[in-house]
Amino acid sequence: MSALDLASAVRSGERSAVDVIDEHLARIDARDGEINAFNQVTAVAAREAAAAVDAAVAAGKDPGPLAGVPIAIKDNMCTTGVATTCSSKILEGWEPPYDATVVQRVAAAGAVMVGKTNLDEFAMGSSTENSAFGPTKNPLDTSRVPGGSSGGSAAAVAADFASLSLGSDTGGSIRQPAAFCGLVGMKPTYGAVSRYGLIAFGSSLDQIGPFSKTVVESAALLEVIGGHDPLDSTSIDQSAFDLTSVLDRGVEGMRIGILRELSGGEGGVEGLSADVIARTNEAAAALEKAGATVVEVSVPSATLGLSAYYLVAPAEASSNLSRFDGVRYGLRVDAPTTGEMMTATRTAGFGPEVKRRIMLGTYALSAGYYDAFYGRALKVRTMMLQEFALVYAEVDLLLTPTAPTTAFRLGDRTADPMTMYVNDVCTIPSNLTGHPAISVPFGVGDDGLPVGVQLLGPALSEPTIYQAAAALEAAAPGEGSLS
Amino acid sequence: MTAHEPSLPEEWELVVGLEVHVELATKTKLFCGCENKFSHIPNTLTCPTCVGLPGSLPVMNEKAVEFAMRLGRALGCEIHPSVMARKNYFYPDMAKDFQTTQYDQPTNADGQLALADGTIVGIERAHIEEDAGKTTHVGGGGRINDATYSLVDYNRAGVPLVEIVSQPDIRTVGHAKAYVSELRDILLAIQVSDAKMEEGSMRVDANVSVRPTGSDELRTRCELKNINSVRSLGRAIEYEARRHVDLYTNGEAPRQETRHWDEEGGRSTAGRSKEDADDYRYFQEPDLVPLSPTAAQIAEIDASMPVLPAARRARLGELSSVADEVIVTVVERGQDGLALGAIEAGADADKVLTRIQNDLAVDDWSAVTSESLAMLIQMETGGELTATQVKQVLGEMAAGEHGGDPKVIAAAHGFEAMESNELETLVDQLIVDHPDEWSRFVDGDDGDRKKMQGFFTGQIMKATKGQADGRAVAQLLGQKSAG
Amino acid sequence: MEWSGAVSLGAMTQRITRDEVVHVARLARLSLSDAEIDEFTSQLGDILEHAADIEALDVGDVEPTLHPLPMVNVLRPDELCPALDRDLLLSQAPAAEDGQFRVPPILGEEP
């Protein structure tokens, strides 16, 4: 049953929210020991919140558009009184005294949080293997990773632990796990969803977005979490999107470009597997069949995304993560002086990938290297924006694969950081440009695992993106062998 | 201005630049809605943002920006589009382990400050930044390096500051002190800070170096911190300059370093140099957007600019012939409005200013009005009160006694002008001595009568050295002519 | 400073050295074992080598972009918001005393 069907059943009184939540909690109980999607299941609070929804329904009050819908929240978003860890030892046990704006908004819409989901520590990773609390497994094949960094949120929806979930996407951390788990995953325009209460990784890249099984659920959740927030200076000053009403408009007359550099074209990024490229081409054909015009386009600087990203994101992260120093919250490892205490705490509290990125970012910002690295990467962002603007003068949206491959095996890519980083090659450009992008399941790979294709659009083109995503969903081949 | 100051040996010249931190008198902090005030109860003026809790975000206070621009304009600066930057360093009172400040694009640049004696000191920049919290060192007599532990209070964290950086244009200790008092007067005049050095809302660091007289080189400078009063500033600069001269004389040279002024010991001591002090890894604060003041905003600030101390001094200078330092003192105390009013009401300008300077050096003089002061000065001029009596009456006027009415106060003390029979004898003698004048008084037209009344009054004042009561004289003349 | 990091723009950066890794770790308040220093020296070198493509780029006249959507003057009114409950704030502190965060002695100069 979709989140929207559940909500309408709860709103009409046909189903009790408490029952809905209990059903999902039971599923979590039965299977999360194996999957490890959650860092914490908030069963008691969830039942209380569900009871409040039922009471509202009984009292004839509007319980909100997502009434009684179980939702999982990535454990890098602050939840009052509920431990928020970023899957890091350095924050273990920290209970924020405040809610992230998105957490408030989903609760106000009647959704019920069932737990906080696992992630790569501080959202740094593409497989959810870099968690202090152990890896999350892909519910479709538990020998595989769910992708990352929002792997727990993806797995929670794929395993029916929750109808919806929230992830954060700095370089692909929503879209790539959505592709690996056969879900719809959306990274909205930078500034479209408030970052207040999201524990920062790369502040100029981070965006929160929805996971769901269908496009319409994704649109409904983005409508709830989007819109201006005065607590986030980078929040765009406009009201929430209207997305659900445009989904049935089709792609007739739409111009869609296949982005050569990220879709296996010549001179583009390497390492895209043949089955993923094939599904992307089939998706293009399906859109064409549905009435869109499909052309091949080129954005040469898209191939520079990976390099620019792995300078910008770690640089910002190195500063964002300075505050974890053992003084005010979280872990402290005692030492004779404050300076030594800070070093001991950070050394013990951060995992290897986080340390690697802090080191890289500190280096990129340090005296003598700023111009060569961070400053230069910001200029690459400008070049990319200019080139994308030229392309968007010709086409409405772009199509690429979401990830180079289907879900890989646990442990396959942990030895060499670069082999992990290239996972983000197709998703990173949208973070650098701040543009919206969605991953929609489209068939399966040779291994029978889902393939995701990605639709990219210019800033605030969410309605167009969802319109095309709905058409892709409708045209997608039948269910894969595993789902 | 210091009349004589112990100077360096003639062959050496002092070179000083000042960095003044000023707390802005906004209601709330720079990036959050916490109250901006002093509180003895630690950590009660805090929120997620100013304690640097994970997930929190800054939003800029519009009043702080306005105050900063107003200060910039008062210092003759150009206002530029600006960005906030992060200055990264680890210290427990810096809640995020970076300070949000302005770096290469400050709001205000290229201004100047004119000292009371006309000397111009260039202003390099006046930029916006946040204050840090406060650490208290426990044990070891409160000294940082002997403490057994320290306590951190974040009430002050995030309080808006403007740092005003002067050019190294200051050549004497007197000018350094004059710079600080002039700056304080400006801050008070434009009402952006209470500018109290003793309470830390205005903090002065001095960059001190020396060079051979006549040379225009800039030699190694030392930054002096922990200067808590204008007096300390003078002592600290003097000490430091002599230390440099001694070093050079001995064939040595100072090291560029930060030194702490020890007021009690009357000396500066080197701080432990920090290994990474000059690698702050500045980069643009991604959680804030640029400031871009419009020409209209700047024009509005200029239009609302009050008359600044320099112009107020000039005005009093035009009206009087007292020494400059009298005017400087009166303007510094903010008593120039009172003086101007009294002068406009007809009181003698030099007497008004001298009285205010000598006899109104009190904190609260709000009970004295321009009218009452003018009346007092006229009583003095008219010989009703002796100088000693005026001083006493003015003191009681300031204290608000007898409704601040100088006549009532004088009467209450029985301060009377000369006995009337003595006065009558004098008048009779004058009539005999000046028969022509007397007949013009008795028989002349109104103009003559008035002129001659002035003549006789003047003669009597001359004879009584101003002790006679002018009104009593007028009365007597009237009686004699009628009678 | 025991290292100097001047880089001529446009030229290929030299591979990051072990000493630089040690220096950066100190800036970042991380303590690394010898093995970790070796590992990071090699891994950071690989990552930065990958960044050679943007180092080779001619970006002379290009303005940097931080925020993809240009926004300016996002300000809030100077209005009070309720403060956090101090007990709640300090309940998360590793060590607290007298309403304050307690830390070991701070050696060295205040910044």
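Residues numbered from 1 in each chain as written. Chains lettered and ligands numbered in written order. Predicted model: local features only at pLDDT ≥ 70, side-chain atom pairs only at ≥ 80, totals over all residues. Heavy atoms only, no water.

Novice: Got a minute to help me understand the overall build of chain A in this structure?
Specialist: Tallying secondary structure elements over chain A gives 15 helices and 11 strands in all. Against the 2.2 N^0.38 benchmark of 23 Å for 483 residues, chain A shows a C-alpha radius of gyration of 21 Å, consistent with a compact globule. Overall, the C-alpha framework of chain A stretches about 65 × 60 × 45 Å when taken along its three principal axes. Taking all contacts inside chain A whose residues are at least 6 apart in sequence as the whole, residues at least 24 apart take part in 75%. Accessible surface for chain A amounts to roughly 13500 Å². Of this, 50% is attributable to carbon and sulfur atoms. (Helix = DSSP H or I, 4+ residues; strand = E, 2+ residues; numbered from the N terminus. Rg over C-alpha atoms; globule rule 2.2 N^0.38 Å. Contact = heavy atoms within 4.5 Å. Areas by Shrake-Rupley, 256 points an atom, 1.4 Å probe, with all protein chains shown as cover.)

Novice: Looking at this model, I keep getting lost on the pattern of salt bridges. Mind explaining?
Specialist: Opposite charge on two side chains allows them to pair when their charged atoms are near. Enumeration according to the criterion identifies 55 salt bridges over all chains in this entry. Taking the shortest distance from any N to any O, the salt bridge between Glu23(B) and Arg203(B) comes out at 3.6 Å. Taken together, the positions of Glu23(B) in strand β1 (residues 12–23) and Arg203(B) in strand β11 (residues 202–212) put the pair 180 residues apart, joining distant regions of the chain. Close ionic contact of Asp336(B) with Arg312(B) constitutes a salt bridge, the shortest N to O distance being 2.5 Å. With a gap of 24 residues between them, Asp336(B) in helix α7 (residues 336–344) and Arg312(B) in helix α5 (residues 309–319) connect regions that are remote in the sequence. Residue Asp336(B) shares its accessibility class with Arg312(B), and that shared class is buried. The network of salt bridges with common partners includes Arg195(A), Asp232(A), Arg86(B), Glu285(B) and Asp287(B). (Salt bridge = Lys/Arg side-chain N within 4 Å of Asp/Glu carboxyl O. Buried < 20%, exposed > 50% of the residue type's maximum accessible area, 1.4 Å probe, protein only.)

Novice: What is the right way to read the environment of Val22(C) from this model?
Specialist: Tracing the backbone shows Val22(C) in helix α1 (residues 18–27). With a relative accessible area of 34%, Val22(C) lands in the partly exposed category.

Novice: What is the right way to read empty space enclosed by the protein from this model?
Specialist: The method is simple in principle: a probe with the dimensions of a water molecule rolls over the atoms, and the space it marks as empty is what remains. Residues and elements named next belong to chain B. Scanning the model with the defined rule gives 8 cavities of 30 Å³ or more in all. Considered as a void within the structure, the largest cavity measures approximately 150 Å³ in volume. Phe31, Thr49, Pro58, Lys96 and Glu130 are the residues nearest the centre of the largest cavity, which is lined by 19 residues in total. A per-class count over the lining of the largest cavity returns 9 nonpolar, 3 polar and 7 charged. (1 Å grid on protein atoms, 1.4 Å probe; cavity = no way out; pocket = protein on both sides within 12 Å on 5 of 7 lines; lining within 4 Å. Points joined across faces, edges and corners; volume = space filled by probe spheres on them. Nonpolar A, V, L, I, M, F, W, Y, C, P; charged D, E, K, R; others polar.)

Novice: Can you walk me through the interface of chain C and chain B in this structure?
Specialist: It is common to give the size of an interface as the accessible area that goes away when the parts come together. In this assembly, 39 residues from chain C lie in contact with 62 residues from chain B. Both sides together, the interface formed by chain C and chain B hides about 4600 Å², and carbon and sulfur atoms give 59% of it. Joining chain C to chain B, the criterion identifies 0 salt bridges. Our count for the chain C to chain B interface comes out at 19 residue pairs in polar contact (both at pLDDT 80 or more). Breaking the side of chain C that touches chain B down by element, the ones donating at least two residues are α1, β1 (75–76), α4 (86–91) and β3 (100–103) of chain C. Its residues assigned to classes, the side of chain C that touches chain B comprises 22 nonpolar, 6 polar and 11 charged. (Buried area = accessible area lost by both parts, 1.4 Å probe. Polar contact = N/O pair within 3.5 Å; in protein donor to acceptor, adjacent residues only side chain to side chain.)

Novice: I keep staring at the sheet that holds strand β8 (residues 134–138) of chain B and nothing clicks. Help me out?
Specialist: Through backbone hydrogen bonds, the strands of a sheet pair up, either in parallel or in antiparallel fashion. Read from one edge of the open sheet, 4 strands run β8(B)-β9(B)-β3(C)-β2(C), paired in antiparallel fashion. The sheet is open, and its two borders are formed by β8 of chain B together with β2 (96–97) of chain C, each paired with just one other strand. Pairing between strand β9 (residues 149–153) of chain B and β3(C): 3 bridges, direction antiparallel. Across the sheet, residue Val152(B) finds its bridge partner in β3(C), namely Phe101(C). (Pairing = 2+ DSSP bridges.)

Novice: Explain the state of the cysteines to me, please; I cannot follow it from the model alone.
Specialist: The term disulfide refers to a covalent linkage connecting the sulfur atoms of a pair of cysteines. Across all of its chains, the model carries 0 disulfides over all chains by this definition. A disulfide-free cysteine, Cys426(A) has its sulfur positioned 18 Å from the sulfur of Cys181(A), the nearest such atom. Of the residues examined, Cys426(A) reaches a relative accessible area of 0% and is grouped as buried. Looking at Cys47(B), it has no disulfide partner, and the nearest cysteine sulfur is the one in Cys34(B), 3.6 Å off. (Disulfide = S-S within 2.5 Å.)

Novice: It is not clear to me how the domain arrangement of chain A should be interpreted in this structure. Could you clarify?
Specialist: All names here are of chain A. Taken as a whole, chain A is organised into domain 1 (3–246), domain 2 (248–302 + 380–475) and domain 3 (308–371). Centre-to-centre separation of domain 1 and domain 2, based on C-alpha positions: 24 Å. Across the contact, 49 residues belong to domain 1 and 45 residues belong to domain 2. For the pair domain 1 and domain 2, the two sides together bury roughly 3600 Å², of which 59% comes from carbon and sulfur. The largest contributions to the domain 1 side of the interface with domain 2 come from Arg144, Arg175 and Val246, which together make up 20% of the buried area. For the pair domain 1 and domain 2, the interface holds 1 salt bridge. Across the pair Arg144 and Asp447 runs a salt bridge, and its minimum N-O distance is 3.8 Å. Our enumeration of links across domain 1 and domain 2 arrives at 24 residue pairs in polar contact (both at pLDDT 80 or more). Of all elements in the fold, only α6 (175–181), β5 (184–187) and α7 (215–225) reach the threshold of two or more residues within the side of domain 1 that touches domain 2. (Domains from an automatic or database assignment.)

Novice: What is the right way to look at the pairing of β8(B) in this model?
Specialist: Residue and element names in this part refer to chain B. Of the two faces of β8, the one lined by Thr135 and His137 is fully buried and the one lined by Lys134, Thr136 and Val138 carries no buried residue. As defined by bridge partners, β8 adjoins β9 across 5 bridges and the pair is classed as antiparallel. Within β9, the residue paired with Lys134 across the bridge is Asp153.

Novice: What is the right way to look at the interface of chain A and chain C in this model?
Specialist: Chain A puts 68 residues into the contact, and the matching count from chain C is 56 residues. Across the chain A to chain C interface the summed buried area is about 5300 Å²; carbon plus sulfur atoms make up 72%. Together, Met359(A), Tyr363(A) and Arg376(A) form the three largest contributors to the area buried by chain A at its contact with chain C, with a combined 14%. Our count for the chain A to chain C interface comes out at 18 residue pairs in polar contact (both at pLDDT 80 or more). When residues of the side of chain A that touches chain C are traced back to their parent elements, those giving at least two are α9 (305–320), α10 (338–349), α11 (352–365), α12 (374–392), α13 (417–421) and α14 (428–433) of chain A. Sort the elements by how many residues they give to the side of chain A that touches chain C and α12(A) lands first, with 10 residues.

Novice: I keep staring at the sheet that holds strand β3 (residues 112–117) of chain A and nothing clicks. Help me out?
Specialist: All names here are of chain A. If you walk across this open sheet you meet the 11 strands as β1-β3-β2-β4-β6-β5-β10-β11-β9-β7-β8, and the pairing is mixed. Either end of the sheet is taken by a strand with one partner, and the two such strands are β1 (38–41) and β8 (293–297). Going from strand to strand, the sheet's axes swing by 30 degrees on average, the running direction of each strand aside. Bridging between β5 and strand β6 (residues 207–212) involves 2 bridges; their strand directions are antiparallel. Along β6, the bridge assignment pairs Gly185 with Phe211. In the packing of helix α3 (residues 43–58) onto the sheet, contacts are made with β1 and β3, and the angle to β3 comes to roughly 160 degrees. (Axes fitted to C-alpha atoms, helices over the stretch in contact; angles between N-to-C directions.)

Novice: Sorry if this is basic, but what is going on with the packing of aromatic side chains here?
Specialist: Two descriptors summarise a pair of aromatic rings, namely the distance from one centre to the other and the angle between the planes of the rings. Considering all chains together, one arrives at 26 aromatic pairs over all chains under this definition. For the pair Phe441(B) and Phe456(B), a centre-to-centre distance of 6.4 Å together with 80 degrees between the ring planes defines the contact as edge-to-face. Taken together, the positions of Phe441(B) in helix α13 (residues 435–443) and Phe456(B) in helix α14 (residues 446–464) put the pair 15 residues apart, joining distant regions of the chain. By the burial criterion, Phe441(B) is buried, and Phe456(B) matches it. Taken together, the aromatic side chains of Trp94(A), Phe122(A), Phe324(A), Tyr329(A) and Phe350(A) make up a single cluster linked through ring pairs. When the ring centre of Phe441(B) is taken as origin, the NZ or CZ atom of Arg449(B), which lies over that ring, is 4.4 Å away. (Phe/Tyr/Trp six-rings, centres within 6.5 Å; stacked < 30°, edge-to-face > 60°. Lys NZ or Arg CZ within 6 Å of the ring centre and 35° of its normal.)

Novice: What is the right way to read the nonpolar core from this model?
Specialist: Burial of nonpolar side chains together is a common tendency in soluble globular proteins. Counting 117 residues, the largest nonpolar core has Leu91(A), Phe122(A), Phe324(A), Phe350(A), Met359(A), Leu398(A) and Phe101(C) as the members making the most contacts within it. If you look at the next biggest cluster of nonpolar residues, it comprises 63 residues, including Leu24(B), Ala74(B), Leu115(B) and Tyr179(B). (Core = buried A, V, L, I, M, F, W, Y, C linked by side-chain atoms within 4.5 Å.)

Novice: Explanation requested: the pairing of strand β4 (residues 164–169) of chain A in the structure shown.
Specialist: A regular strand places its side chains so that they alternate between the two faces of the sheet. Residues and elements named next belong to chain A. The element β4 is largely enclosed, with a buried count of 6 among its 6 residues. The alternating pattern of β4 places Leu164, Leu166 and Ser168 on one face and Ser165, Gly167 and Asp169 on the opposite face, and all of these are buried. Bridge analysis of strand β2 (residues 70–74) against β4 gives 3 bridges, and the strand direction is parallel. Bridge assignment links Ala72 to a residue of β4, and that residue is Ser165.

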